[in-house]
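# Overview (structure and organization)
Chain by chain, the residues run as shown.
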Amino acid sequence: MQGKLTAEVQETSERKDLRLGAGVSRVGPSQPHLRRRRHPSFTTFPIRSRIPKALRPAGTYVVQQHALLTASSYRLTCRITLSCSHEVNGIHILSRRPFSHGFVLMLLILSRRLTDLEAARLGYGYKLEGQSLLAIVASSATSAASPLVDFQVYEPVLTPSGTSDQYGCVYTELLMDHVFGFSYGMPFVGDYTPPPCNFNRVTMNFTVTSKGRQFDRLGLMYLGDIEVFRTSTAEPTAKGIVWTYIKEMDQYNSLWETKQKIIFDLGNLIDSTYTGSFNTTLTATFFTVPDSRATADTILPISSRQSSSNMPSAFSVPSQNASVTYTFPRNIQRAVVSLSACGQSTEEFWYTNTLNSRVNTFESTAGTLYGNSPFREVRLLIDALLAGVSWPFPIIFTGGIVPGLWRPIVGIDAFDLREHEIDITPWLPLLCDGSSHTLEIRVAGLDDDGSDQATLTETVGSYWVPNITAPPPNIQISSSTTLNSAGENQTLVYDTVVARFLSISSNIRTSQGPQLASWNQSLVYTNHNALTDQGLTQVTNQNTTGFDAASPIGYGNIYSYPLIVDSSFATFPSGAFSINASLSRGLEFNVLGTSVFSSGIQSFDVTSPAIIPVPGRPQPQTVTVPPSLPKFSGSILSTTQTGSAAYLSAGNASYSFGSTEQDFDFKGLELGPEGPKFELYNRHVKAVNSTVTEDEQILVGRRFQVPTGQAGLQDQSQVLEGISIRALLGRGPGKTKAQLAGMGV
């Protein structure tokens, strides 16, 4: 979690901006072994190949759209697309319903009679049936030697090519070239010197390679004590991976103009099992464009301020009080705080957490669930008074839910965690009184009494300044359970609805005279969770919608975060287990007016030849944006991801199939919310088993031809022994695989 504050300062006839930056590391325990508790790397088999008829196993199997059946050192993969009953190479495939398009399920056949598995639920109502099949998992195959290219789908950030353009120099500086091996508590520390020419735009290139076996990790970049970039890593494979992310950084121009200490914290563990280091290169390119937007003149940290000790300055919440105290100048004209929150450890999948009164519903079967409800509110307090809120976007890292979902397309915002702005200009009469004031960031969930009544886990006082309309949020919860014939809890269903309205206003003094400043927020949150099969299956359906508005600056943000996740797991007496999941999620993020951060439209001011990385191509592509583009006053971003995957683990190996599809649309908006919209960037991409099979990109009318291929192989790795499946899913401490297998779950 992090926060930043931007302010406009009036000094005689000059306008100055004051920006405060904050960084809070994580929500929940901070032990290294808990930070990344996800599945290791895995192997995916292509949907092709044949085995000799004499070696083909016999039997009838009920499966979903894709199945893996192996015998001896050969493998047979079956793809059923149309019929509900089909025979492939002597194997009869049945379905209890029509095969769902795009869903991928891998069947692990153990070296034992299949009657042991007949009752094992492998997801979505499908079961494995038959009498005998000796199956051997994981025959080797030849795959391409080149590394897998992972990528995030987002609006392009254009950087001029060459060393100069019509507006001045184009200067690229190396900020970091570092290998993060065993790096917990050992961040990269380096020095930055400003370029030898003027600039008003900065873009940053973060390129990473990795090879081996490793979890995804969280990365934090600081200039001094101020966090300027929060990212996460992809999970490597034995053949290797690479990714590049380009980030707009002009919001930190005042920092780039002076010498800085760079601290990049990427905590990683290396041992005999987890061998993957992250080899990183970080560069910044400085250049000039005409009519650039105004950025902050001064940025102050809201952090633990540890750069003097060459350490990152993140707060750890809730173990630390994430607050700072400042005395502000009297001539500030605008102040904006930005908040960013991402849960870690027990908080990573907060949207699947249950009510506190229900955490022990499946204690005797699946185990304890995580609590504090599926609702989270990141709160900004000024002198202990509520100044604004952010209801976080549900980030899913590259090992989240099922790893097969995120190769090579990573989750929305996984490589660049988005920040949320809160305008605190109405507080300036208080903040600019010459006294010291405290800004604090907190995270709240819900605490219920077991009778469908809930309150925020953290509350604030009832004395408000200046003019504030901030009634308590409207909270509605309900929950119910059903029992099976043995009298045990079979299902748990719970619903959470939260609505909040916040309005703050005051008269401020500016060089143009008194003005009314206001900040308004209206948010609605809905969450439905249903756990069935004694906690083995969970469906989450959640949506957050909001509208923020600030005056007189004229800023607005309309956003929506829909999310549907359907996941289940099963264990077998041998200790093997499977996880199956499908999801549908989206992000609507529309920015109007003057934003502290880049809204994405700034890139289209680069009218000289510019470069854009295109996944699947070895070198960036050169493009030229038409100079006739209109002057945009806002941006409209809309993206959706759908996917399905299965993860299975047996013995010392784990495997996964996965399919993910994403649509991304980015438009520029002219002159008000109802003004004309201009299509700037559009992309449709689909990946199956780590291979991009469809990819179409259009940038300002130009279509990019992107190489695609057929589904291929991924790498095999060992599994985590002694760790509960619910912990792997982020749903609770649960029971270990051995415990579940012994219970026959």
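Residues numbered from 1 in each chain as written. Predicted model: local features only at pLDDT ≥ 70, side-chain atom pairs only at ≥ 80, totals over all residues. Heavy atoms only, no water.

### Brief notes about the overall build of the protein chain
Stated precisely, the cut-off is as follows: Put simply, DSSP H or I for four residues or longer makes a helix, DSSP E for two residues or longer makes a strand, and each gets a number counted from the N terminus. Burial classes: relative accessible area under 20% of the type maximum marks a residue as buried, over 50% as exposed, and values in between as partly exposed (1.4 Å probe, protein chains only).
Secondary structure summary: the protein chain contains five helices and 45 strands in total. Here the protein chain holds 745 residues, and the buried ones make up 61% of them.

### So, the packing of aromatic side chains
Going by this rule: Only Phe, Tyr and Trp rings are paired, with Trp represented by its six-membered ring, and only when their centres lie within 6.5 Å; those with planes under 30 degrees apart are stacked, over 60 edge-to-face, the remainder tilted.
Scanning the entire structure with this criterion turns up 24 aromatic pairs. Aromatic side chains Phe375 and Trp391 sit 5.0 Å apart centroid to centroid with 90 degrees between the ring planes, which places their arrangement in the edge-to-face category. Note that Phe375 is positioned in the loop between β24 (332–340) and β25 (377–382) and Trp391 in the loop between β26 (385–390) and β27 (420–423), a separation of 16 residues in sequence. Considered together, Phe375 and Trp391 belong to a single accessibility category, that of buried residues. Ring centres of Phe393 and Tyr561 lie 5.2 Å apart, and the angle between their planes is 85 degrees; this geometry places the pair in the edge-to-face category. In this pair, Phe393 is assigned in the loop between β26 and β27 and Tyr561 in the loop between β36 (555–560) and β37 (563–571), connecting sequence segments 168 residues apart.

### Side note on the environment of Met176
Put simply, the rule is: Only heavy atoms enter the contact rule, under which two residues are in contact if any of them lie within 4.5 Å.
With respect to the helices and strands, the residue Met176 is situated in strand β13 (residues 171–180). With relative accessibility at 1%, the residue Met176 sits in the buried group. Put simply, Met176 and Ala284 are 108 residues apart on the chain and 9.8 Å apart in space, counted from C-alpha to C-alpha. When sequence neighbours within four positions are dropped, the list of residues in contact with Met176 reads Phe188, Phe206, Phe264, Thr280, Thr281 and Leu282.

### A closer look at the state of the cysteines
Selection rule: Criterion for a disulfide: a pair of cysteine sulfur atoms within 2.5 Å.
One pass over the structure, following the stated rule, counts one disulfide. Disulfide pairing is shown between Cys169 and Cys197; the S-S distance is 1.8 Å. Since a negative S-S torsion denotes a left-handed disulfide, the Cys169-Cys197 link at about 60 degrees is right-handed. Here Cys169, found in strand β12 (residues 168–169), pairs with Cys197, found in the loop between β14 (188–192) and β15 (201–210); they are 28 residues apart in sequence, far enough to count as distant.

### Some details on the pattern of salt bridges
Formally: Every case where a carboxyl oxygen of Asp or Glu lies within 4 Å of a side-chain nitrogen of Lys or Arg is listed as a salt bridge.
Applying the stated criterion to the full structure yields 14 salt bridges. Between Asp250 and Arg293 there is a salt bridge; the shortest N-O distance is 2.9 Å. With Asp250 in the loop between β18 (241–248) and α2 (253–256) and Arg293 in the loop between β20 (278–287) and β21 (298–302), this pair connects stretches of sequence that are 43 residues apart. Across the pair Arg703 and Glu696 runs a salt bridge, and its minimum N-O distance is 2.8 Å. One network of salt bridges, with partners in common, ties together Glu377, Arg379 and Arg500.

### A closer look at the sheet that holds β14
Formally: Here, any two strands with at least 2 DSSP bridges between them count as paired. Helix axes are fitted only over the stretch in contact, all axes being lines through C-alpha atoms; the angle between N-to-C directions runs from 0 to 180 degrees.
If you walk across this open sheet you meet the four strands as β14-β19-β16-β17, and the pairing is antiparallel. The open sheet has two edge strands with one neighbour each: β14 and β17 (226–232). Taking the axes of each pair of neighbouring strands and ignoring which way they run, one obtains an average angle of 20 degrees across the sheet. As paired strands, strand β16 (residues 218–223) and strand β19 (residues 260–266) are joined by five bridges and run antiparallel to one another. When the bridges of β19 are listed, Gly219 appears paired with Leu266.

### Structural notes on the nonpolar core
What counts, and what does not: Think of a nonpolar core as a cluster: buried Ala, Val, Leu, Ile, Met, Phe, Trp, Tyr and Cys residues, connected wherever their side-chain atoms sit within 4.5 Å.
The biggest cluster of nonpolar side chains holds 116 residues, and the ones touching the most others in it are Ile401, Ile424 and Leu699. Per-element accounting of this core gives the leading share, seven residues, to strand β38 (residues 577–593). If we skip the residues at most four places from it in the chain, Leu699 touches Pro156, Leu158, Phe604, Ile612, Val623, Leu680, Tyr681 and Phe704. Counting 42 residues, the second largest nonpolar core, distinct from the first, contains Phe188, Val228, Leu255 and Trp256.

### Focus on the confidence of the model for the protein chain
Where we set the bar: Values of pLDDT, the confidence the predictor places in each residue, fall between 0 and 100.
For the protein chain, mean pLDDT is 76; residues scoring 70 or higher make up 73% of the total. The lowest-confidence element of the protein chain is strand β6 (residues 74–79), averaging 25 in pLDDT; the highest-confidence one is β14, averaging 98. Segment residues 734–745: pLDDT under 50, and 39 contacts once partners within four positions in sequence are set aside and those in other chains are kept.

### So, unusual backbone geometry
The linkage connecting Arg407 with the following residue, Pro408, adopts the cis geometry, with an omega of 0 degrees. Of note, Pro408 is situated in the loop between β26 and β27. Each neighbour pair has its own omega, and for Ser551 with Pro552 the value is 10 degrees, a cis peptide bond. By the secondary structure assignment, Pro552 is in the loop between β35 (537–551) and β36. With a phi angle near 75 degrees, Ser690 is a residue other than glycine that sits in the positive phi range. By secondary structure assignment, the location of Ser690 is in the loop between β43 (677–688) and β44 (691–699).

### Description of the sheet that holds β26
One open sheet holds the four strands; their spatial order is β23-β28-β25-β26, and the pairing between them is antiparallel. Every other strand in the sheet has two partners, leaving β23 (322–327) and β26 as the edge strands with one partner each. Taken over all neighbouring pairs, the strand axes of this sheet differ in orientation by 20 degrees on average, direction set aside. Strand direction decides the pairing type here: β25 and β26, joined by five bridges, are antiparallel. Bridged to Arg379 within β26 is Val389.

### With respect to the environment of Asp250
Here Asp250 falls in the buried class, since its relative accessible area comes to 1%. For the pair Asp250 and Phe286, spaced 36 residues apart in the sequence, the C-alpha separation amounts to 9.2 Å. Once residues within four sequence positions are removed from consideration, Asp250 is found in contact with Asn200, Arg201, Val202, Arg293, Thr295 and Ser598.

### Description of the environment of Asp448
Threshold: Counted as a polar contact is a pair of N or O atoms within 3.5 Å, where, for protein atoms, one must be capable of donating a hydrogen and the other of accepting one, and residues adjacent in sequence contribute only when both atoms are in side chains.
Tracing the backbone through its elements, the reader meets Asp448 in strand β29 (residues 446–448). We classify Asp448 as buried; its relative accessible area is 11%. Between the alpha carbons of Asp448 and Ser373 there is a distance of 8.4 Å; along the sequence they are 75 residues apart. Dropping the residues within four chain positions of it, Asp448 is found in contact with Leu355, Asn356, Ser357, Gln453, Ala454 and Ile477. Reaching out from Asp448, the side chain makes a polar contact with the backbone nitrogen of Asn356 at a distance of 3.1 Å.

### Quick notes on the pairing of β26
Two faces make up the sheet, and in a regular strand the side chains alternate between them. Here β26 lies mainly inside the structure; six of its six residues are buried. Hairpin connection of β25 to β26: two residues between the antiparallel strands, including Asp383 at a positive phi of 50 degrees.

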